[in-house]
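The chain contents come next:
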Amino acid sequence: MEIPKTGTSAIYHALQHSRKNRSAECYPRHWPLLPPEDFMLRNPKSFVSVRDPYTRAVSCWLWCYAQTKYPLTSNQAKLGFEGWLQKAVDCYEDLGFYWPQHAASTVCLPQSYWLKLHEWDFVLKKETLQADFSNALKSFGASDLKLKVKNANTAVNKPAKKLTQLKWQAHYTSKAKQLVEKIWAEDFKSLERYYDSYETP
């Protein structure tokens, strides 16, 4: 199981296509439910990764921007980063949730939501993903694997791909920073155990 937009799709693909660890079987990723009992009886290792909330917020926005299957999600994101955040806050004040579209509401869930679902064997940081993953594999005798982290959702969308070429800080305004801190307030608190400090937009 993985938290969307934290780099762990790379872990999933590395394990799925591994020739070194042939016995690896992964439960579907990005699904906020625990695996069925028969899967858990195999005593699987559980991985989850976390990410600085400021950088993840930009990644969530770009994911929404690049969507073609979900026009409402994409159109809202095209308001710009700050506009997208403000629209989410307005939605919350009116309806009690930030994103009415199912796909966006799952992708943009707070990391704290996923962290509370399970007692994870390994919590990896996006910023040191390869090193953390290698150390985790080594701890239970599995062969090391190289990760390939890429912007899969924006690679085929030219406008979104152009935006990813900018430094993530370029999308921030002082208002956007305040909105991110409001929407993902729980993450800023719960992730303190993994981060001494967060990068400043």
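Residues numbered from 1 in each chain as written. Predicted model: local features only at pLDDT ≥ 70, side-chain atom pairs only at ≥ 80, totals over all residues. Heavy atoms only, no water.

Attention shifts here to unusual backbone geometry. In the Ramachandran plot, Lys-5 falls in the positive-phi region, its phi being about 65° despite a non-glycine side chain. Looking at where Lys-5 falls in the secondary structure, it is placed in the segment before helix 1 (9-16). (Helix = DSSP H or I, 4+ residues; strand = E, 2+ residues; numbered from the N terminus.)

Turning our eyes to something else, we now look at the packing of aromatic side chains. Per the stated rule, a full pass over the model turns up 18 aromatic pairs. For the ring pair Tyr-54 and Tyr-172, a centre distance of 6.0 Å and an interplane angle of 80° mean the geometry is edge-to-face. Taken together, the residues Tyr-54 in helix 3 (residues 53-66) and Tyr-172 in the loop between helix 9 (158-164) and helix 10 (174-183) connect sequence positions 118 residues apart. The exposure class of Tyr-172 is buried, given its relative accessible area of 11%. An angle of 85° between the planes, with centres 6.1 Å apart, marks the rings of Tyr-113 and Trp-114 as edge-to-face. Residue Trp-114 is classed as buried on the basis of its relative accessible area of 0%. Note that Lys-78 overlies the ring of Tyr-65, its terminal NZ or CZ placed 5.8 Å from the centroid. (Phe/Tyr/Trp six-rings, centres within 6.5 Å; stacked < 30°, edge-to-face > 60°. Buried < 20%, exposed > 50% of the residue type's maximum accessible area, 1.4 Å probe, protein only. Lys NZ or Arg CZ within 6 Å of the ring centre and 35° of its normal.)

We now examine the packing of helix 3 against helix 10. Close contact between helix 3 and helix 10 brings their axes to 10 Å; oriented N to C, the two are set at 100°. With respect to helix 10, the axis of helix 3 lies roughly perpendicular. Every residue of helix 10 that contacts helix 3 at Pro-53, Tyr-54 and Ala-57 is listed here: Lys-177, Val-180 and Glu-181. Across the contact of helix 3 with helix 10, the residue classes break down as 4 nonpolar, no polar and 2 charged. (Axes fitted to C-alpha atoms, helices over the stretch in contact; angles between N-to-C directions. Parallel < 35°, antiparallel > 145°, perpendicular 65-115°, else oblique. Contact = heavy atoms within 4.5 Å. Nonpolar A, V, L, I, M, F, W, Y, C, P; charged D, E, K, R; others polar.)

Turning next to the pairing of strand 1 (residues 47-50). Alternating residues of strand 1 divide into Phe-47 and Ser-49 and Val-48 and Val-50, and every residue in both groups is buried. As defined by bridge partners, strand 1 adjoins strand 2 (residues 122-125) across 4 bridges and the pair is classed as parallel. Bridge pairing in strand 2 places Phe-47 opposite Phe-122. (Pairing = 2+ DSSP bridges.)

A separate point is the environment of Ala-57. Within the element layout of this structure, Ala-57 appears in helix 3. Looking at Ala-57, the relative accessible area reads 1%, which means it is buried. Between the C-alpha atoms of Ala-57 and Leu-85, which are 28 residues apart in sequence, the distance is 9.1 Å. Among residues more than four places away in sequence, those in contact with Ala-57 are Phe-81, Trp-84, Tyr-172, Val-180 and Trp-184.

The next subject is the nonpolar core. In terms of nonpolar packing, the biggest core is built from 41 residues, with Phe-81, Trp-84 and Trp-184 touching the most fellow members. Contributing elements (two or more residues each) for this core: strand 1, helix 3, helix 5 (81-95), helix 6 (102-107), helix 7 (111-115), helix 9 and helix 10. What Trp-84 contacts, discounting residues up to four positions off in sequence, is Ala-57, Cys-60, Trp-61, Cys-64, Gln-76, Ala-77, Leu-79, Trp-99, Cys-108 and Trp-184. (Core = buried A, V, L, I, M, F, W, Y, C linked by side-chain atoms within 4.5 Å.)

Below, the discussion takes up the state of the cysteines. By definition, a disulfide links the sulfur atoms of two cysteine residues through a covalent bond. Inspection of the entire model under this criterion finds 0 disulfides. The cysteine Cys-64 is free of any disulfide, with Cys-108 supplying the nearest cysteine sulfur at 4.3 Å. (Disulfide = S-S within 2.5 Å.)

Looking now at the confidence of the model for the chain. The predicted model of the chain has a mean per-residue pLDDT of 85, with 87% of residues at 70 or higher. Considering each helix and strand of the chain separately, the mean pLDDT is smallest for helix 2 (residues 37-40), with a value of 74, and largest for helix 10, with 98. (pLDDT = per-residue confidence, 0-100.)

Every buried residue belonging to helix 10 is among Ala-176, Leu-179, Val-180 and Ile-183, and all of these are buried. Burial along helix 10 is one-sided: seen end-on, the buried residues are contained in an arc of 100°. Away from its buried face by more than 90 degrees, helix 10 exposes Ser-174 and Gln-178. Where helix 10 is buried, its residues touch helix 3, helix 5 and helix 11 (185-190). (Arc of directions from axis to C-beta.)

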